[in-house]
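Below, each chain spelled out in residue letters.
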Amino acid sequence: MGNVVDETVLSSVDYAVSHLKAPLVVVLGHTGCGAVNSAINGNASGMIKKTIDKISKIIGETKDDYLATCKNVNFGVNEIKTALCTHNPHLKVIGAVYHSDIGTVDFDIV
Ligand SMILES: [Zn+2]
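Everything numeric here is computed off the predicted structure, so don't read it as measured data.

Caption draft 1: Summary view of the pairing of strand S1 (residues 24-30). On S1, burial follows the alternation: Val25, Val27 and Gly29 on one face are buried, whereas Leu24, Val26, Leu28 and His30 on the facing-out side are not. For S1 and strand S2 (residues 92-99), the ladder comprises seven bridges, and the chain directions are parallel. Bridge pairing links Leu28 to Ala96 in S2.

Structural data, given as structure tokens:
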């Protein structure tokens with residue numbers, strides 16, 4: 001829940017890329033995400049609020065679940081590219097969305 005890039009995520013991805021030589025990073029969001037839904041509806045509280053606030057800034061006024069998920073995924077892709085691609089020029093970072101209702105993955109997101 002709450003597909004966002006932070007220092008812990010970046011350090012794990014960096015390890016996979018730099019030490020394990022992973023050539024591809026896929027940021028996989030999903031429809032029906034409770035965190036994205038909470039960001040759309042502005043009803044977060046508790047410790048998760050920091051994550052929801054970050055997603056809220058990313059999705060802006062977007063109310064559509066799929067479009068908001070795509071925005072969040074694309075933001076994460078760009079964060080990882082910014083952090084890792086200069087040191088790993090051959091690295092590919094792509095975004096995708098898992099459709100929770102039908103079980104398919106959309107690799108061609110908006
Ligand atoms: Zn989720």
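Having seen it, we continue.
Caption draft 2: Representation of helix H4 (residues 65-84) in the model. Taking 1.5 Å of rise per residue, 20 residues should cover 28 Å, and H4 covers 29 Å from first to last C-alpha, within 8% of that figure. Taken residue by residue, H4 has Ala68, Thr69, Cys70, Lys71, Asn72, Val73, Phe75, Gly76 and Ile80 as its buried positions. On the buried face of H4, the contacting elements are helix H1 (7-18), S1, helix H2 (34-41), helix H3 (49-59) and S2.

Caption draft 3: Seen up close, the sheet that holds strand S3 (residues 104-106). One open sheet holds the three strands; their spatial order is S1-S2-S3, and the pairing between them is mixed. Here the strands that pair on one side only, and so sit at the sheet edges, are S1 and S3. Neighbour to neighbour, the strand axes of the sheet diverge by 35° on average, direction disregarded. Pairing between S2 and S3: three bridges, direction antiparallel. Residue pairing for S3: His99 is matched across the bridge by Thr104. Along the sheet, H4 contacts S1 and S2; its crossing angle with S2, the most-contacted strand, is approximately 160°.

Caption draft 4: Quick look at H3. The complete set of buried residues in H3 reads Ile52, Ile55, Ser56 and Ile59. Viewed end-on, H3 has its buried residues packed into an arc of 105°, placing them on one side of the element. Residues Lys50 and Lys57 are exposed on H3 and point more than 90 degrees away from its buried face. Residue Gly60 follows H3 closely and has a positive phi angle near 60°.

Caption draft 5: The arrangement of the packing of H2 against H3 in detail. Where H2 contacts H3, the axes come no closer than 8 Å and their chain directions differ by 65°. Of the possible angle classes, the one that applies to H2 and H3 is roughly perpendicular. Here H2 runs over H3; the crossing is right-handed. In this structure, H2 uses Ala35, Val36, Ser38, Ala39 and Ile40 to contact H3, whose residues at the interface are Thr51, Ile52, Ile55, Ser56 and Ile59. Its residues assigned to classes, the contact of H2 with H3 comprises seven nonpolar, three polar and no charged.

What counts, and where the lines are drawn
Residues numbered from 1 in each chain as written. Predicted model: local features only at pLDDT ≥ 70, side-chain atom pairs only at ≥ 80, totals over all residues. Buried ≥ 20, exposed ≤ 12 C-beta atoms within 10 Å, placed from the backbone. Helix = DSSP H or I, 4+ residues; strand = E, 2+ residues; numbered from the N terminus. Pairing = 2+ DSSP bridges. Expected span 1.5 Å × (residues − 1). Contact = placed C-beta atoms within 7 Å. Axes fitted to C-alpha atoms, helices over the stretch in contact; angles between N-to-C directions. Arc of directions from axis to C-beta. Parallel < 35°, antiparallel > 145°, perpendicular 65-115°, else oblique. Left-handed = near helix turned anticlockwise from the far one by under 90°. Nonpolar A, V, L, I, M, F, W, Y, C, P; charged D, E, K, R; others polar.

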